[in-house]
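Take a look at the letters that make up each chain.
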Amino acid sequence: MPGSRFLGTLAAGVPRAGARWCLNARAAQGWEPAPAQPPSSAVFKEFKESLKLLSPFGSLLAKMLCPTDSSVFPFHVGETLPEENPGHPELQPGSDSESTWLLSSLDSSDMTTVFGEYLQPSQMTDILLVAIEALTADDIYDRQMGSNVLDMAMSDPPSWLMDVPKIMRYIHRNMEYIRTEPARHSLDSLLLLLTKWCPRGVVRSLLKISPTCDSTALAMWEVMLSMPWALWSILTELLSVLQDQRLRKVFSCATEDACIYLLALLVCTDIGTEEFAALYKAQRCLRHPSLVMLSLVLRGLITLSKTPETARKIPVLLPDVMETLQDANSDVKMKALVLLRNMMGHTKREEASLIALQLAEKLLPLFDDESSQVRELSISLFKDVMKSVVGRDKKKMKNKVQRVLLPLFLRMSDQMESVAKASRDTLVTCAEFLEWRKLSDLAETYQTHLIGECLLRHDRRRVEEYLFQSLPYLRDSQATLRKEALRFIGLAARHLRNLSKRELCDICNALLPLAKDTELSVRTLAAQTIYILTGDMPTSGWSLRSLCCCPC
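Parameters and conventions
- Residues numbered from 1 in each chain as written.
- Predicted model: local features only at pLDDT ≥ 70, side-chain atom pairs only at ≥ 80, totals over all residues.
- Heavy atoms only, no water.
- Helix = DSSP H or I, 4+ residues; strand = E, 2+ residues; numbered from the N terminus.
- Buried < 20%, exposed > 50% of the residue type's maximum accessible area, 1.4 Å probe, protein only.
- Contact = heavy atoms within 4.5 Å.
- Areas by Shrake-Rupley, 256 points an atom, 1.4 Å probe, with all protein chains shown as cover.
- Expected span 1.5 Å × (residues − 1).
- Phe/Tyr/Trp six-rings, centres within 6.5 Å; stacked < 30°, edge-to-face > 60°.
- Axes fitted to C-alpha atoms, helices over the stretch in contact; angles between N-to-C directions.
- Parallel < 35°, antiparallel > 145°, perpendicular 65-115°, else oblique.
- Left-handed = near helix turned anticlockwise from the far one by under 90°.
- Nonpolar A, V, L, I, M, F, W, Y, C, P; charged D, E, K, R; others polar.
- Salt bridge = Lys/Arg side-chain N within 4 Å of Asp/Glu carboxyl O.
- Core = buried A, V, L, I, M, F, W, Y, C linked by side-chain atoms within 4.5 Å.
- pLDDT = per-residue confidence, 0-100.

Summing up its helical and strand segments, the chain has 33 helices and 0 strands in all. Every one of the 552 residues in the chain was classed for burial, and the buried ones make up 53%. For the chain, the share of sequence-separated contacts (at least 6 apart) that also reach a separation of at least 24 residues comes to 70%. For the chain, the computed accessible surface area is about 26300 Å², with 51% contributed by carbon and sulfur atoms.

Here you go:
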């Protein structure tokens, strides 16, 4: 029976009467129909006596989720359990198959009712540890039972969360193997409750478990820093570690980077915006942090940027945050973009306009990032940045907007629908910013086959710029973008009949790899583009080098 793995092991030691009593308790609370015969007071007394006799089986309770693991539970259901009681034959393992069925239907609240009075704190901790491990199971019923036990533990922290270091070690050991969102949500909820219940124990345990902050520890820190109330508790404890010389030596690997002071200063209500700016400029601790610490600090900054008071202190960090957009991994880029978006939403109009001018140039390279999430967020943020520009800054912004038109047009062919939509929406906003009605209408109605020609006819001085701006897209991993770039290059070539030999060679060199493209349609379109450029139509086995007579 599904789910019986969790409680079925106990069925061998709980008599039929006790299990019936549990089901009657459920029925009394309206959970399900009552059995035909309600239990008598004698049955209840028998059940209580049975529970008392079960108390020596702490190891059995602790390993109830893995009864077939001989390394931790050296006997199977149906075999002789240690400390058998000959005076109670009803407790002999395997003697009552009905009690197995009855117990398999009990939920975690029943466990509290049945076993809570008789479990020692260490036994309750062990049950919780096994429940955490159950979240990694393939069986959905085992995962659900594990989540139920976690819910039960979180409803009574003083009883279940006594051994914080041990629980933290088990969370760290199992987190990376949890594959489902509900199970991960249960574990994250437990971790946050531990942080609230015992912040000092949580912080020092995690520093000891992973001084160098491995990927699992990083994930745990991020959960703990995701809530404002938890962030303050964590910062307070981390600062106490940094300020204690003895502890700092113990946790030297984990506390060597001083970025944590940055977050602490931000949450200090008695430090104003100007004072914070002066303190940060003196240290610039975000300039060369470790990648792990940078990721954690950005996570904390995102949490703090959700409130206007702290968000208004963050603009001083802008130059260093924008630098992380260039060479960092996708995770750090995403965090930096979210932080910038939050910060722009809480910044005064005039200051936001100045920030927008700086940020616009940094966002353009991210339109072509390998991460679709980074592409989408950077494109959407550019739209917000445009809307933030006011007054004289609009004239300065105009040239920056002109430079993103072609990338946005090409990204409308992105295979990721969300990226394509963000590109179209931002292109519409760009056209409106430039007061370019025709382009706005074409983008609004998804007439992509006409947008390229619209760009080329509107400003013939930019045709050559557009053509060379499109060449990198010939190397894009998506065939749809390679084809759209080829079509545009063919269109642009018709508008440029005065290309120099060197420029023609550069274009041919960009087209050369497409002779072996995996997509037939790309190879065919590339051949047609060559014909437009050189006047020679390639034949079977064509070589671009043979068509480009200049030495490259």
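We are not done yet, so read on.
Looking now at the environment of Leu 525. Counting through the fold element by element, Leu 525 comes out in helix H32 (residues 520–534). Considered as a pair, Leu 525 and Arg 482 are 43 residues apart in the sequence and their alpha carbons are 9.7 Å apart. In this view, Leu 525 contacts Lys 483, Leu 486 and Arg 487; residues no more than four positions away in its chain are not counted.

Given 3.6 residues per helical turn, the α-helix brings residues three or four places apart onto the same face. When the terminal C-alpha atoms of helix H19 (residues 291–304) are compared, their 20 Å separation across 14 residues agrees well with the 20 Å that a helix rising 1.5 Å per residue should span. Of all 14 residues that make up H19, 12 are buried, and the element is covered over most of its length.

Right, let's get into the packing of aromatic side chains. How two aromatic rings sit relative to each other is set out by the distance from centre to centre and by the angle between their planes. For the structure shown, the criterion picks out 3 aromatic pairs. Look at Phe 367 and Phe 382: their rings are 6.0 Å apart centre to centre, the planes differ by 85 degrees, and that puts the pair in the edge-to-face class. Of this pair, Phe 367 sits in the loop between helix H23 (349–363) and helix H24 (372–388) while Phe 382 sits in helix H24; the two residues are 15 residues apart in sequence, bridging distant segments of the chain. What makes Phe 367 buried here is its relative accessible area of 0%.

A few words on the packing of helix H11 (residues 181–197) against helix H13 (residues 215–224). With their axes 9 Å apart at the nearest point, H11 and H13 run at an angle of 65 degrees to one another. Between H11 and H13, the interaxial angle falls into the category roughly perpendicular. In this structure, the crossing between H11 and H13 has a hand that is right-handed. Along its contact with H11, which presents Arg 184, Asp 188, Leu 191, Leu 192 and Thr 195, the element H13 presents Ala 219, Met 220, Val 223 and Met 224. Partitioned by chemical class, the residues of the contact of H11 with H13 number 6 nonpolar, 1 polar and 2 charged.

It is the contact of helix H21 (residues 318–327) with helix H22 (residues 330–346), at a shortest axis distance of 8 Å, that shows an interaxial angle of 145 degrees. Viewed along their axes, H21 and H22 form a crossing whose handedness is left-handed. Residues Leu 318, Val 321, Thr 324, Leu 325 and Gln 326 of H21 lie in contact with H22, whose contacting residues are Val 332, Lys 333, Ala 336, Leu 337, Leu 339, Leu 340 and Met 343. For the contact of H21 with H22, a count of residues per class yields 9 nonpolar, 2 polar and 1 charged.

By the element assignment, Ser 210 lies in the loop between helix H12 (199–209) and H13. Its relative accessible area of 4% is what places Ser 210 among the buried residues.

With the rule as written, the count across this model stands at 23 salt bridges. Note that Arg 184 and Asp 188 form a salt bridge whose closest N and O atoms lie 2.8 Å from each other. Note that Arg 184 and Asp 188 are positioned in helix H11 at a spacing of 4 residues, about one turn of the helix. Taking the shortest distance from any N to any O, the salt bridge between Arg 462 and Glu 465 comes out at 3.2 Å. For Arg 462, a relative accessible area of 14% translates into the label buried. Judged by its relative accessible area of 35%, Glu 465 falls in the partly exposed class. Counted as one network, the salt bridges with shared partners bring together Asp 368, Arg 375, Arg 411, Asp 414 and Asp 476.

Turning to the nonpolar core, a few remarks are in order. Among the nonpolar cores identified, the biggest contains 145 residues, and Ile 171, Trp 221 and Phe 382 are the most heavily contacted of them. If we skip the residues at most four places from it in the chain, Ile 171 touches Ile 132, Leu 187, Leu 190, Leu 191, Leu 194 and Met 220.

Note on placement: Leu 225 falls in the loop between H13 and helix H14 (228–243). A residue is classified by how much of its surface remains accessible, and Leu 225, at 5% relative accessible area, is buried. Along the chain, Leu 225 and Ile 302 lie 77 residues apart, while their C-alpha atoms are 9.3 Å from each other. Other than its neighbours up to four places away in sequence, Leu 225 contacts Leu 231, Ile 234, Leu 296, Arg 299 and Thr 303.

Below, the discussion takes up the confidence of the model for the chain. The predicted model of the chain has a mean per-residue pLDDT of 75, with 69% of residues at 70 or higher. For the chain, helix H4 (residues 58–62) is the element with the lowest average pLDDT, namely 37, and helix H26 (residues 417–433) is the one with the highest, namely 96. Note on residues 1–41: pLDDT is under 50 here. Beyond four places in sequence and across chains, it has 94 contacts. Below a pLDDT of 50 lies the segment residues 540–552, which in the model reaches 24 contacts outside its immediate sequence neighbourhood of four places, other chains included.

Note that Leu 218 resides in helix H13. C-alpha separation for the pair Leu 218 and Met 293, spaced 75 residues apart in sequence, amounts to 9.0 Å. Not counting chain neighbours up to four residues away, the residues in contact with Leu 218 comprise Cys 213, Val 292, Ser 295 and Leu 296.

What follows is about unusual backbone geometry. You will see that Glu 435, though not glycine, has its phi angle at about 55 degrees, which is positive. By the element assignment, Glu 435 lies in the loop between H26 and helix H27 (437–444). Backbone geometry at Tyr 446 places phi at a positive 55 degrees, although glycine is not the residue there. Looking at Tyr 446, the relative accessible area reads 45%, which means it is partly exposed.

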